Amino acid sequence: LKWMDPLKMGIAYFQRFPDERTPVWGNPCSDPRHLEILSSDFNCSQLALPNAVIVGPQKTGSTALYAFLKLHPNVQSNVENNVTYEEPQFFGGKAYLNGLDWYLNQFPFDSGVEGQQVLFEKSATYFDSPDAPRQMNALIDEAKLIIILINPAKRAYSWYQHMIAHKDPIALKYSFAQVLAATDNDSERKLWKLRQRCIAPGRYAHHLDRWLEYYSPNRLLIVDGEQLKDDPVPVMNDVQQFLGLPLIDYKQLLKFNEHKGFYCSQAEGNKTKCLGKSKGRGYEPMGAELTDSLAKLYLQDNIALHKMITKMGWRTPRWLQEQLVKLS
Ligand code: A3P
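All values reported here derive from a predicted model rather than from experimental measurement.

1. Quick look at helix H6 (residues 152–165)
Between its terminal C-alpha atoms H6 stretches 20 Å, which fits the 20 Å expected from 14 residues at 1.5 Å a residue. The element H6 is largely enclosed, with a buried count of eleven among its 14 residues. The complete set of buried residues in H6 reads Pro152, Ala153, Arg155, Ala156, Tyr157, Ser158, Trp159, Tyr160, Gln161, His162 and Met163. Between the side-chain oxygen at the start of H6 and the backbone nitrogen of alanine 153 there is a gap of 2.9 Å, and the oxygen is on asparagine 151.

Structure, rendered in structure tokens:
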């Protein structure tokens, strides 16, 4: 290949090794070869990478957890952007190709992670992404990861409602029962795709397996998203402990808002600041028949999740115990 000009050489190389087309961003400050090619004003002591990440999945209460964690005085989070709002969606997503500088710019300039300080981000798209665990590990292998799980049947229905609220034509055309009944052979391909988006992220053990390839079990905290919704204070205590934060009293920071029907942050003058309209939407409950058929659909996944949780020494969420007792 020596006689080739560099551009042709590059093309030939990636034809031969197509898997290497996507770069893998590592921490430049822990690799002497990278340090050598960084510009002289790149200051490694100011490199602020997150030491904690809420990885999702979507529709489990991840935004509530993000908002509650941000109330802690020792915690800083990523800044919002105009496209994906509070989520950088870097690992496993399109933004990954924007490069490391782009990711670093998602965090406040003055953020530091010394002592009992936490710098974190939340992107609920990471959980079921095939590439996110590997890409995240290449950059922040020491980070602590938080995974928030609810009954996957409820998650599936919440996703369907999310698509209705976003006026997705397929969700508007078909009932949830019709979406669940879709098959791979359906002429309406988008119907099958919507079914997959409802169902696939809820196969929790399958996705967790991939995270465990890259992170040891003690770097992962499984949060019960249903408990976070109904009784957030003990959950926030567990989260603080896991992150090594000085314990603050979340009873003083969170208050149930009757109108919203959810816990919200305390604001001045005995008021509360709740999440926006898109979080905690009001819609018809799922109905007994669909609840049962989804419980059956997820039974094997839930059994596998329970086995994994027991083996890893994590705490079993109450909703999971209830699902397994119901169908045993
Ligand atoms: P619904 O809108 O379907 O009720 P995520 O932030 O991961 O997308 O999750 C959204 C879900 O968080 C909401 O789904 C809601 O049920 C749940 N949730 C839990 N605690 C909440 C809170 N304090 N405020 C609003 N929504 C909350």
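Still more to cover.
2. With respect to the sheet that holds strand S1 (residues 52–56)
Backbone-to-backbone hydrogen bonds join strands into a sheet, with any given pair of strands oriented parallel or antiparallel. Overall, parallel pairing links the five strands, which are arranged S2-S3-S1-S4-S5 in an open sheet. Where the open sheet ends on each side, the last strands, each with one partner, are strand S2 (75–77) and strand S5 (220–224). Ignoring which end each strand starts from, the neighbouring axes of this sheet average 25° apart.

3. Focus on the state of the cysteines
All chains considered together, the criterion is met by two disulfides. A sulfur-sulfur distance of 2.1 Å marks the disulfide that ties cysteine 264 to cysteine 274. Its S-S torsion of approximately 95° makes the covalent link between cysteine 264 and cysteine 274 right-handed. With cysteine 264 in strand S7 (residues 262–267) and cysteine 274 in the loop between strand S8 (271–273) and helix H13 (288–297), this pair connects stretches of sequence that are ten residues apart. Assessed through its relative accessible area of 26%, cysteine 274 is described here as partly exposed. Of note for the protein: the bonded cysteines, numbered N- to C-terminal, pair according to 1-2, 3-4.

4. Details of the sheet that holds strand S6 (residues 254–257)
Ordered by their spatial adjacency, three strands build an open sheet running S6-S7-S8, and the pairing between neighbours is antiparallel. With partners counted over all chains shown, the strands left at the sheet margins are S6 and S8, one partner each. Looking at each pair of strands side by side, their axes are set apart by 60° on average, direction ignored. The pairing of S6 with S7 spans four bridges and is classified as antiparallel. In the strand pairing of S7, leucine 254 is matched with serine 265.

5. Quick notes on the side chain of glutamate 226
With respect to the helices and strands, the residue glutamate 226 is situated in helix H11 (residues 225–230). For glutamate 226, a relative accessible area of 17% puts it in the buried group. Setting aside chain neighbours within four positions, we find glutamate 226 in contact with Leu149, Ile150, Asn151, Lys154 and Trp319.

6. Overview of the packing of aromatic side chains
Aromatic ring pairs: the centre-centre distance and the angle between the two ring planes describe each pair. Within this structure, the stated rule accounts for 20 aromatic pairs. Both rings, one in phenylalanine 91 and one in tyrosine 103, keep their centres 5.2 Å apart while their planes meet at 65°; by these two values the pair is edge-to-face. Placement of phenylalanine 91 in the loop between S2 and helix H4 (100–104) and of tyrosine 103 in helix H4 is noted, with a sequence separation of twelve residues between them. Under the relative-accessibility criterion, phenylalanine 91 is labelled buried at 1%. Relative to tyrosine 160, the ring of tyrosine 157 lies with its centre 6.5 Å away and its plane at 15°, an arrangement referred to as stacked.

7. Examining helix H3 (residues 62–70)
Across the nine residues that make up H3, a large majority, eight, are buried. Burial in H3 covers these residues: Ser62, Thr63, Ala64, Leu65, Tyr66, Ala67, Phe68 and Leu69.

8. Observations concerning the nonpolar core
If you look at the biggest cluster of nonpolar residues, it comprises 40 residues, and the most contacted ones within it are Phe91, Tyr126, Met136 and Trp211. For this core, the secondary structure elements donating two or more residues are S1, H4, helix H5 (132–139), strand S4 (144–149), helix H10 (204–214), S5, helix H14 (299–312) and helix H15 (318–327). Broken down by element, this core gets its largest block of residues, five residues, from H10. In contact with phenylalanine 91, other than residues within four places in its own chain, are Tyr96, Tyr103, Glu121, Tyr126, Ala132, Gln135, Met136, Leu139 and Ile140. With 25 residues, the next largest nonpolar core counts Val75, Ile146, Met236 and Val239 among its residues.

9. Topic: the site of the ligand
In the neighbourhood of the ligand, 16 residues make up the surrounding shell, with Ser62, Thr63, Ser158, Tyr263 and Tyr283 lying closest. Lysine 59 is positioned with one of its backbone polar atoms (N or O) 3.1 Å from an oxygen atom of the ligand. A distance of 2.6 Å separates an oxygen atom of the ligand from a polar atom in the side chain of serine 62. Going through the elements one at a time, H3 and S7 are the ones with two or more residues in the shell around the ligand. Sort the elements by how many residues they give to the shell around the ligand and H3 lands first, with four residues. Counted by class, the shell around the ligand contains six nonpolar, six polar and four charged residues.

Rules of the game
- Residues numbered from 1 in each chain as written.
- Predicted model: local features only at pLDDT ≥ 70, side-chain atom pairs only at ≥ 80, totals over all residues.
- Heavy atoms only, no water.
- Helix = DSSP H or I, 4+ residues; strand = E, 2+ residues; numbered from the N terminus.
- Expected span 1.5 Å × (residues − 1).
- Buried < 20%, exposed > 50% of the residue type's maximum accessible area, 1.4 Å probe, protein only.
- Polar contact = N/O pair within 3.5 Å; in protein donor to acceptor, adjacent residues only side chain to side chain.
- Pairing = 2+ DSSP bridges.
- Axes fitted to C-alpha atoms, helices over the stretch in contact; angles between N-to-C directions.
- Disulfide = S-S within 2.5 Å.
- Contact = heavy atoms within 4.5 Å.
- Phe/Tyr/Trp six-rings, centres within 6.5 Å; stacked < 30°, edge-to-face > 60°.
- Core = buried A, V, L, I, M, F, W, Y, C linked by side-chain atoms within 4.5 Å.
- Near = heavy atom within 4 Å.
- Nonpolar A, V, L, I, M, F, W, Y, C, P; charged D, E, K, R; others polar.

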